[in-house]
Amino acid sequence: VLKKQAYDRKQEPAYAQVSDLTRLSLIPPEAKATLETFLQQSVSASEAVAASDFASQEPEAYGYEFQSHGVIEMLEKLLDKFVEERTALEKSEMNSKHA
């Protein structure tokens, strides 16, 4: 299960969460209009930054970096150790039956 999740997740744009607020019925229409204006400014500003040379040189940050590689490695080592010990015990049991 952990191996399937062993990857870094991309970070969604910050305005994605804010844009979800415009769909809520609890938000007043004036606030929705303000949010829409903000989102339009954010999109145009991010397009301008993406066009610059500086933005193309920046590394992309992940929204979540998987940090359980050590746990997976430890479990794999324990599995190998278990298989080796089981094989040794089965071998000694067979030898004692035939002796």
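Residues numbered from 1 in each chain as written. Predicted model: local features only at pLDDT ≥ 70, side-chain atom pairs only at ≥ 80, totals over all residues. Heavy atoms only, no water.

Colleague: Which parts of the structure should I look at to understand a nonpolar patch on the surface?
Modeller: Together, Leu 2, Val 71, Met 74, Leu 75 and Leu 78 line one region of the surface with nonpolar side chains, adding up to about 410 Å² of accessible area. Residue placement: Val 71 occurs in helix α4 (residues 69–98). (Patch = residues over 30% accessible without salt bridge, like charges linked within 9 Å, V, L, I, M, F, W, Y side chains within 5 Å. Areas by Shrake-Rupley, 256 points an atom, 1.4 Å probe, with all protein chains shown as cover. Salt bridge = Lys/Arg side-chain N within 4 Å of Asp/Glu carboxyl O. Helix = DSSP H or I, 4+ residues; strand = E, 2+ residues; numbered from the N terminus.)

Colleague: Explain the pattern of salt bridges here, please?
Modeller: Side chains that carry opposite charge are capable of pairing whenever their charged atoms lie near each other. Applying the stated criterion across every chain yields a total of 2 salt bridges. The salt bridge partner of Lys 77 is Glu 73, with a shortest N-O separation of 3.6 Å. Highlighted residues: Lys 77 and Glu 73, both in helix α4, separated by 4 residues, approximately one helical turn. The class for Lys 77 is exposed, based on a relative accessible area of 55%. (Buried < 20%, exposed > 50% of the residue type's maximum accessible area, 1.4 Å probe, protein only.)

Colleague: Just checking my understanding: could you explain the confidence of the model for the protein chain for this structure?
Modeller: Detailed conclusions should not be drawn from predicted coordinates in areas where pLDDT is low. Across the protein chain, the average pLDDT comes to 77, with 67% of residues at or above 70. When the elements of the protein chain are averaged for pLDDT, helix α3 (residues 53–57) gives the smallest value, 52, and α4 the largest, 93. (pLDDT = per-residue confidence, 0-100.)

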